[in-house]
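Structural features, examined
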Amino acid sequence: MPKLEGFEFWSRTLGGARHVVAPMVDQSELAWRLLSRRHGAQLCYTPMLHAQVFVRDANYRKENLYCDVCPEDRPLIVQFCANDPEVFVQAALLAQDYCDAIDLNLGCPQMIAKRGHYGAFLQEEWDLLQRMILLAHEKLSVPVTCKIRVFPEIDKTVRYAQMLEKAGCQLLTVHGRTKEQKGPLSGTASWEHIKAVRKAVAIPVFANGNIQCLRDVERCIQDTGVQGVMSAEGNLHNPALFEGRSPAVWELAEEYLDIVRQHPCPLSYVRAHLFKLWHHTLQVHQQLREELAKVKTLEGIAAVSQELKLRCQEDISRQKEGEKPSGGLPFFHWICQPYFRPGPKEESKENGGARSKRALEEEEGTTDVLSKNKQKKKLRNPHKTFDPSLKPKYAKCDQCGNPKGNRCVFNLCRGCCKKRAFKETADCPGHGLLFKTKLERSLAWKGAQPRLQEPQQAGPGEPGGFPEVVGSALA
């Protein structure tokens, strides 16, 4: 049977899916996908998998895909990150029998993607991407799709999408943010970019960004003309988003935990999901946040979730008639609802432009508000300070810029000092490197050893020689 492409692939293989759960690292595992499907999701992606690890590690393949095979978990798209055409295709060939399409991640904006040279940090390397998509399109028995982020310029984003389509991409997911829009600088996704891409290509397009409820889904489809809408953050806080419902948190938490008992996954995934689901309630009952963070078993997590349910029911029983939700929430804290990430503080006009995350952290350090990580460090060490002006100043290594050793004879850090001392056969007492001293001791020890005279070998029959061989003893 020939491989389906474009709109035929979307309508027949994917069933014309409009409600899509995004690929989320450590979050879109099988149990969560099944929960989402029960509540209106029509298509799911696996978490992003590393193509190179998938090729070389059989356990990684087993844990992340092969053991997660489930008839109810279709249609399913497997997403890989990769930067080598051959490796990407090898990984895809190993996965294609377990899914309906292979997706190439070109949207991850995180620092780990920058270090690994994948995700959104490949978006300027069009020749490489063309080769990756073209080879996958030729070799695979299932379609290849892409998930991208936009460029600041709409016309460049359109040309980027057209290039991927020409190379063989059969479905495109467009996240309407640039790779710089992340964390506190996320801002609003641009549906204008998505709309322009949809008009410019002849393959199905999914939109990603600004989706918090079913009304957003409907409005996005109407405004952009896309075939489907993908949700990540909105889905994590309300898996019933595509149903248009906002149920009590404990209803979905209990259902998810029941699925996890049937389809186990790492406890860290479960804990992360419960933190998202109970996010608003944990702002009220903060003592249970620590309990949820500490428990070491699935039943322990379930017990904390049950306690949160009881606390919420007590809050409901004390609720006064006509009382409104606190904290500016649209619903009371025990109801599944969106979480709106706080943006950066308004910047003064003279500075202009977006500030870096480091600049925001430094600004926060000057106030009484500390990040969660800094609060934990403060608990472990009450005397710790985060004031940049009080941090000790270190002299830098002359070669790499790392802090140099205070007593290094070369004014280098230990790593650079070791290389130089070895090359020059020198000592650096400051770093405890004694290459010269050890060589001198070795030569001195060899010179002190008495030379042993080699004994002269005697002939057969002579004193100390070999005995004569008589007759045919050697025959």
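Residues numbered from 1 in each chain as written. Predicted model: local features only at pLDDT ≥ 70, side-chain atom pairs only at ≥ 80, totals over all residues. Heavy atoms only, no water.

A few points about the pattern of salt bridges
Tallied over the full model, the rule gives 17 salt bridges. Arg311 serves as the salt-bridge partner of Glu307, at 2.9 Å between the closest nitrogen and oxygen. One end of the pair is Glu307 and the other is Arg311, both in helix α16 (residues 298–318) and 4 residues apart, which spans about a single turn. The partner of Glu424 in a salt bridge is Arg420, and the shortest N-O contact between them spans 3.1 Å. (Salt bridge = Lys/Arg side-chain N within 4 Å of Asp/Glu carboxyl O. Helix = DSSP H or I, 4+ residues; strand = E, 2+ residues; numbered from the N terminus.)

A short note on helix α7 (residues 126–139)
Here α7 spans 20 Å end to end across 14 residues, near enough to the 20 Å set by a 1.5 Å rise per residue. All of the buried residues in α7 are Leu128, Leu129, Met132, Ile133, Leu135 and Ala136. Mapping the buried residues of α7 onto a view down its axis gives an arc of 165 degrees, with all of them on the same face. Exposed and oriented more than 90 degrees from the buried face of α7 are Asp127 and Glu138. (Expected span 1.5 Å × (residues − 1). Buried < 20%, exposed > 50% of the residue type's maximum accessible area, 1.4 Å probe, protein only. Arc of directions from axis to C-beta.)

What to know about the side chain of His285
For His285, the position within the fold is in the loop between α14 (279–284) and α15 (287–294). At 2.9 Å, the side chain of His285 and the side chain of Asp315 are in polar contact. (Polar contact = N/O pair within 3.5 Å; in protein donor to acceptor, adjacent residues only side chain to side chain.)

Details of unusual backbone geometry
With an omega of 0 degrees, the peptide bond running from Arg74 to Pro75 counts as cis. Checked against the element boundaries, Pro75 lands in the loop between α4 (58–64) and β4 (76–81). Even without glycine at this site, Asn210 takes up a positive phi of about 70 degrees. Along the chain, the position of Asn210 falls in the loop between β8 (205–208) and α10 (214–224). Even without being glycine, Asn411 reaches a positive phi, approximately 60 degrees.

Digging into the packing of aromatic side chains
Geometrically, a pair of aromatic rings is defined through the distance of the ring centres and the angle of the planes. Overall, the coordinates contain 10 aromatic pairs when judged by the stated rule. Arranged with centres 4.5 Å apart and planes meeting at 25 degrees, the rings of Tyr66 and Tyr98 form a pair that is stacked. Taken as a pair, Tyr66 in the loop between α4 and β4 and Tyr98 in the loop between α5 (85–95) and β5 (101–106) lie far apart in primary sequence, 32 residues in all. When the ring of Phe151 is compared with that of Tyr160, the centres are 5.2 Å apart and the planes differ by 75 degrees; the resulting orientation is edge-to-face. Ring pairing ties together the aromatic residues Phe54, Tyr60, Tyr66, Phe80 and Tyr98, which thus form one cluster. (Phe/Tyr/Trp six-rings, centres within 6.5 Å; stacked < 30°, edge-to-face > 60°.)

With respect to the layout of surface pockets
As a volume, the second largest pocket reaches approximately 380 Å³. Glu63, Asn64, Asp68, Pro266 and Tyr269 are, among the 20 residues lining the second largest pocket, the residues nearest its centre. Secondary-structure elements contributing two or more residues to the lining of the second largest pocket are α2 (30–38), β3 (49–50) and α4. Considering every element that reaches the lining of the second largest pocket, the biggest residue donor is α4, with 3 residues. Its residues assigned to classes, the lining of the second largest pocket shows 13 nonpolar, 3 polar and 4 charged. Counting the residues that make up the lining of the second largest pocket, at least three belong to each of domain 1 (6–245) and domain 2 (247–340). (1 Å grid on protein atoms, 1.4 Å probe; cavity = no way out; pocket = protein on both sides within 12 Å on 5 of 7 lines; lining within 4 Å. Points joined across faces, edges and corners; volume = space filled by probe spheres on them. Nonpolar A, V, L, I, M, F, W, Y, C, P; charged D, E, K, R; others polar. Domains from an automatic or database assignment.)

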